[in-house]
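# An overview of the molecular structure
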Amino acid sequence: MTEADKRIAAKEFAEEWKDRGDEKQDTQVFWITLLQNVFDVENTAKRVKFEYPIKSETTKFIDAYINETKVLIEQKGKDIDLTKKYRQSDGAMLTAFGQARRYAGGLPHDMNPRWIVVCNFQEFHIHNMEHPNDKPEIVYLADMEKENWRLNFLVNQEDENIKKETEVSIEAGRLVGVLYNALLKQYMNPDDPETLKNLNILCVRLV
C-alpha cells in the first residue's frame, strides 16, 4: 500500500465512522476495519484479542489488545468524554485511562502494554507507558487522512513517532531550506562569512 493509497483509505474510514460508534456493537468492526483498510494488516481478527479476560475479584474484559505491539485499547461510545471520571462497579471514580491502567495491572508481565489507547470512535488518546503520567497525544478521526501516520505504532513496534510536532518540524525545515537557498542567491557575495551569518540569523528569526 502506497502512502497515497493509505491516505485515501484513511479518508474513507473517517467518513464511514463520522458520528458513529456504539461501544458494544461496533468496537470490533471499527478496529478490524482500521487495521485492515488503513494499515494493510492481514488476519486482523487473529492478531487482535477482543474481550480479553482479566481475573481479580470478578472477571473484567479488556476491549482489545494487540500482542505484537503491546497495545491495550479501552473503547468507549462516541458520546463519552474520555477525560471525565465515571463510577465503576466497585464505586471507584476513574477515567477511561485509569480503567485501562487497572486492567493492565492484571496482565501477565510479558503482556504489559507499551501503549494504552483510549478511544470514543472520534478521538484516539494515546498514552506512552514509558511516560504514563504525561498528557496523551490526541489523534482525531476527522484528521485521519493527514495524521494516520501517528497511529503506525499500532502495527509497527519500531515506530514511536506519534507527536504531531514532528511532522510540522520536518516540513518547516524543508521550507526554510528552500527559502535559505533562494535568499542566498540574492546576495552580492554569497560566500562571504558575514553574509552567511546574517542569513542564518534571518532564517532563525523567521522560524
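Up top you'll find the structure we're talking about.
Description of the structure in this document. This one's a predicted model, so the numbers in the text were calculated from it and none came from an experiment. (Residues numbered from 1 in each chain as written. Predicted model: local features only at pLDDT ≥ 70, side-chain atom pairs only at ≥ 80, totals over all residues. Heavy atoms only, no water.)

The next subject is the side chain of Gln 75. Tracing the backbone through its elements, the reader meets Gln 75 in strand E3 (residues 71-75). Judged by relative accessible area, Gln 75 falls into the buried class, the value being 0%. Reaching out from Gln 75, the side chain makes a polar contact with the side chain of Trp 31 at a distance of 2.7 Å. Apart from the residues within four sequence positions on either side, Gln 75 is in contact with Glu 23, Thr 27, Phe 30, Trp 31, Asp 63, Cys 119, Asn 120 and Phe 121. (Helix = DSSP H or I, 4+ residues; strand = E, 2+ residues; numbered from the N terminus. Buried < 20%, exposed > 50% of the residue type's maximum accessible area, 1.4 Å probe, protein only. Polar contact = N/O pair within 3.5 Å; in protein donor to acceptor, adjacent residues only side chain to side chain. Contact = heavy atoms within 4.5 Å.)

Once that is clear, we can look at the pattern of salt bridges. Counted under the stated rule, the structure contains eight salt bridges. Residue Glu 68 is joined to Arg 47 by a salt bridge in which the shortest nitrogen-to-oxygen separation is 2.9 Å. Here Glu 68 is found in the loop between strand E2 (59-66) and E3, whereas its partner Arg 47 is found in helix H3 (residues 44-47), with 21 residues between them in sequence. Relative accessible area serves as the criterion here: at 43%, Glu 68 is assigned to the partly exposed category. Ionic pairing is found between Glu 130 and Arg 114, a salt bridge with its closest N-O pair at 3.4 Å. Note that Glu 130 is positioned in the loop between strand E7 (123-128) and strand E8 (137-140) and Arg 114 in the loop between helix H4 (96-104) and strand E6 (115-119), a separation of 16 residues in sequence. What makes Glu 130 exposed here is its relative accessible area of 53%. According to the relative accessible area criterion, Arg 114 is buried, its value standing at 15%. (Salt bridge = Lys/Arg side-chain N within 4 Å of Asp/Glu carboxyl O.)

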